[in-house]
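Below, each chain spelled out in residue letters.
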Amino acid sequence: AFASHLIIDDEGLIDLRYNGKGGGVSSRPLLWKGYEGMRKLLLTNIGMLATPQGRTAKKGPEQGAIQMLKNAWVLVEDGVIAQVGTGAAPEVEDAKVVDAEGNLVTPGLVDAHTHLIFGGWRQNELGMKLHGKTYLEIQNAGGGIQSTTNATRRATAEELTNKAAKALDEMMGFGVTTCEAKSGYGLATEHELKALQVIKDLNDRHPMDIVATFMGAHLVPAEYKQNREEYIRLVCEEMMPAVKEQGIAKFCDVFCEADTFTVEESRQVLEAGLKYGLRPKIHADEIEAIGGSQLAGEIGAISAEHLIVCPPEGIASMAKGGVIACLLPATSFNLGAVFAPARDMIRAGVPVAMATDFNPGSCPCLNLQFVINLGCLKYKLTPEEVLTAVTLNGAAAIDMADKVGSVEVGKQGDLVIWDAPDLDYICYRVGSNLAKTVIKRGELV
Ligand code: NIG
Ligand code: FE
């Protein structure tokens with residue numbers, strides 16, 4: 001379905017126009033990233049422009065110190081922000097003018113943690129959960145990641161592409177313009193590479209900027225259960241060299257968790273990743289605090305994810321190691337777990353990002369606006385801290401903060417016009433999609 005909607009018009013502009021029928025695929029016109037030409041977009045009549053500033057993650061009191069401009073305008077030229085001002089907007093020749101009608105405008109959101117590529121779903125686990133089975137009990141019984149691995153191995157690259165493209169459309173509709181995507185449901189060289197190729201292909205063809213993470217160490221697959229060292233060897237000595245050679249991932253992630261990968265195994269995987277140019281990320285303290293956040297600090301991971309039950313030593317280690325905490329409150333919500341100690345992290349000077357963790361098991365949720373709600377209501381972050389968490393700090397967690405995550409001259413023209421008068425409003429309203437117009441590289445998507 002993806003390729004059949006490619007249209008090349010006489011200006012050489014390639015338009016991926018979905019037909020929108022039967023499955024909720026977006027009918028938004030999506031523009032080819034490689035399109036070059038003088039394109040100008042003037043966004044006028046912005047009631048409030050709320051944005052963090054800078055090209056690095058914000059921590060401590062800086063996380064909430066964002067810029068709020070009233071009565072603002074933004075000019076985007078060739079996909080890049082050229083000017084930002086307040087008061088009457090200038091006359092700009094040949095610019096497409098978009099009237100924000102006095103609404104809130106923010107940077108495009110960044111979803112810095114997703115497991116985008118997978119076959120099937122796991123609605124069958126809902127009943128088990130309702131009968132009191134825990135996440136790890138379901139995993140140990142052959143459900144969980146292993147069951148999604150079986151479905152992902154069966155799926156063709158084309159099937160995975162079409163499925164993920166639909167999810168990307170939905171994410172964009174919620175205001176997300178950049179995301180991360182992990183492999184980790186192949187758990188065999190062929191299928192891990194297949195997933196990463198799908199991500200690369202989507203990044204080339206979909207307007208979303210997608211940053212890839214290799215997560216071959218998501219689970220020891222069934223066929224290696226009796227021989228875990230051999231699986232780890234496969235990840236480090238066969239998969240990683242191939243990933244490096246194909247240049248299809250930027251980060252390496254590992255599920256450091258009880259019954260999954262120990263701290264020592266996680267260290268081994270992340271150190272091997274470093275040898276192949278993959279910067280470390282780590283799923284840490286999601287269910288049990290076995291030492292993942294301490295390891296994150298020691299190894300200098302770019303980010304540690306989840307941290308639901310992160311102990312004070314873990315927070316201290318992350319602060320020392322300059323690690324970004326990528327918190328995933330919709331997963332706490334879905335697991336019926338407690339919520340990560342986000343305020344303690346901000347107090348300790350750890351930059352906090354927030355993301356969805358979209359995956360078929362612990363968090364079948366694509367909506368970063370729901371994460372925004374939980375950030376305020378459950379983490380007790382202020383709307384300003386929350387905005388930084390889902391824009392600039394998310395961008396920094398995937399090494400994209402020099403390009404996206406704030407509305408500033410020189411950054412990409414990724415913006416959201418909200419059906420909202422101010423920032424508090426989008427944090428307070430629950431369950432509606434308030435993203436009114438999404439702009440990617442200066443194009444309405
Ligand atoms: O971030 N924890 C590991 N990975 C995902 C869940 C994967 C799954 O359940 O399929 C997570 O929660
Ligand atoms: Fe995850």
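Summary of the structure given here. (Residues numbered from 1 in each chain as written. Chains lettered and ligands numbered in written order. Predicted model: local features only at pLDDT ≥ 70, side-chain atom pairs only at ≥ 80, totals over all residues. Heavy atoms only, no water.)

1. Considering the packing of helix α5 (residues 189–205) against helix α6 (residues 228–246)
Then comes step 1: In the contact formed by α5 and α6, the axes pass within 10 Å of each other and the chain directions differ by 30°. Viewed along their axes, α5 and α6 adopt a mutual orientation that is roughly parallel. Both α5 and α6 take part in a crossing whose hand is right-handed. Residues Thr189, Glu192, Leu193, Leu196 and Gln197 of α5 form the contact with α6, whose own contacting residues are Leu234, Glu238, Met239, Ala242, Val243 and Gln246. (Axes fitted to C-alpha atoms, helices over the stretch in contact; angles between N-to-C directions. Helix = DSSP H or I, 4+ residues; strand = E, 2+ residues; numbered from the N terminus. Parallel < 35°, antiparallel > 145°, perpendicular 65-115°, else oblique. Left-handed = near helix turned anticlockwise from the far one by under 90°. Contact = heavy atoms within 4.5 Å.)

2. Regarding the coordination of the iron ion (ligand 2)
In an ideal octahedron of six donors the angles at the metal are 90 or 180 degrees, and in an ideal tetrahedron of four donors they are 109.5 degrees.
Then comes step 1: Around the iron ion (ligand 2), the protein contributes the donor atoms His113 (NE2), His115 (NE2), His283 (NE2) and Asp357 (OD), which lie 2.1 to 2.2 Å from the metal centre.
Then comes step 2: Taking the relative accessible area as the measure of exposure, His115 reaches 2% and is therefore buried.
Then comes step 3: What makes Asp357 buried here is its relative accessible area of 1%. (Donors = N, O, S within 2.8 Å, 3.2 Å for Na, K, Ca; no water. Buried < 20%, exposed > 50% of the residue type's maximum accessible area, 1.4 Å probe, protein only.)

3. Some remarks on α5
Then comes step 1: In a regular helix each residue adds 1.5 Å, so 17 residues correspond to 24 Å; α5 covers 24 Å between its end C-alpha atoms and thus fits that length.
Then comes step 2: All of the buried residues along α5 are Thr189, His191, Glu192, Leu193, Lys194, Ala195, Leu196, Val198, Ile199, Leu202 and Arg205. (Expected span 1.5 Å × (residues − 1).)

4. Here's the deal with the site of ligand 1
Then comes step 1: Looking at ligand 1, there are 15 residues lining it, with Tyr135, Tyr185, Glu286, His306 and Ser362 nearest.
Then comes step 2: One of the side-chain nitrogen or oxygen atoms of Arg122 is found 2.8 Å away from an oxygen atom of ligand 1.
Then comes step 3: Residue Tyr185 places a side-chain N or O atom 2.6 Å away from an oxygen atom belonging to ligand 1.
Then comes step 4: Relative to its unbound accessible surface of 320 Å², ligand 1 loses 100% to contact with the protein.
Then comes step 5: Among the residues forming the shell around ligand 1, the class breakdown is 4 nonpolar, 8 polar and 3 charged. (Near = heavy atom within 4 Å. Polar contact = N/O pair within 3.5 Å; in protein donor to acceptor, adjacent residues only side chain to side chain. Areas by Shrake-Rupley, 256 points an atom, 1.4 Å probe, with all protein chains shown as cover. Nonpolar A, V, L, I, M, F, W, Y, C, P; charged D, E, K, R; others polar.)

5. Re helix α4 (residues 157–173)
Then comes step 1: Under the 1.5 Å per step criterion, the end-to-end length of α4 is 24 Å for 17 residues, consistent within 8% with the ideal 24 Å.
Then comes step 2: Considered for burial, the residues of α4 that qualify are Leu160, Thr161, Ala164, Ala165, Ala167, Leu168, Asp169, Met171, Met172 and Gly173.
Then comes step 3: Gly175 occupies a position one or two residues after α4 and carries a positive phi of about 105°.

6. A word on the pattern of salt bridges
Then comes step 1: Per the stated rule, a full pass over the model turns up 22 salt bridges.
Then comes step 2: The residue Glu265 makes a salt bridge to Arg228 at a minimum N-O spacing of 2.7 Å. In this pair, Glu265 is assigned in helix α7 (residues 263–275) and Arg228 in helix α6, connecting sequence segments 37 residues apart.
Then comes step 3: One salt bridge connects Glu237 with Arg233, and the closest N-O pair in it is separated by 3.2 Å. With a gap of 4 residues between them, Glu237 and Arg233 both fall in helix α6, about one helical turn apart.
Then comes step 4: Assessed through its relative accessible area of 34%, Arg233 is described here as partly exposed. (Salt bridge = Lys/Arg side-chain N within 4 Å of Asp/Glu carboxyl O.)

7. Overview of the packing of helix α12 (residues 368–377) against helix α13 (residues 383–390)
Think of two packed helices as two axes; the pair is described by the angle between the axes and how far apart they sit.
Then comes step 1: For the pair α12 and α13, the least separation of the axes is 9 Å and the interaxial angle reads 140°. Taken together, the axis directions place α12 and α13 in an arrangement best described as oblique. The chirality of how α12 crosses α13 is right-handed. Contacts between α12 and α13 involve Leu368, Ile372, Gly375 and Cys376 from the first element and Pro383, Val386 and Val390 from the second.

No statement about biological role is implied by the geometric values presented.
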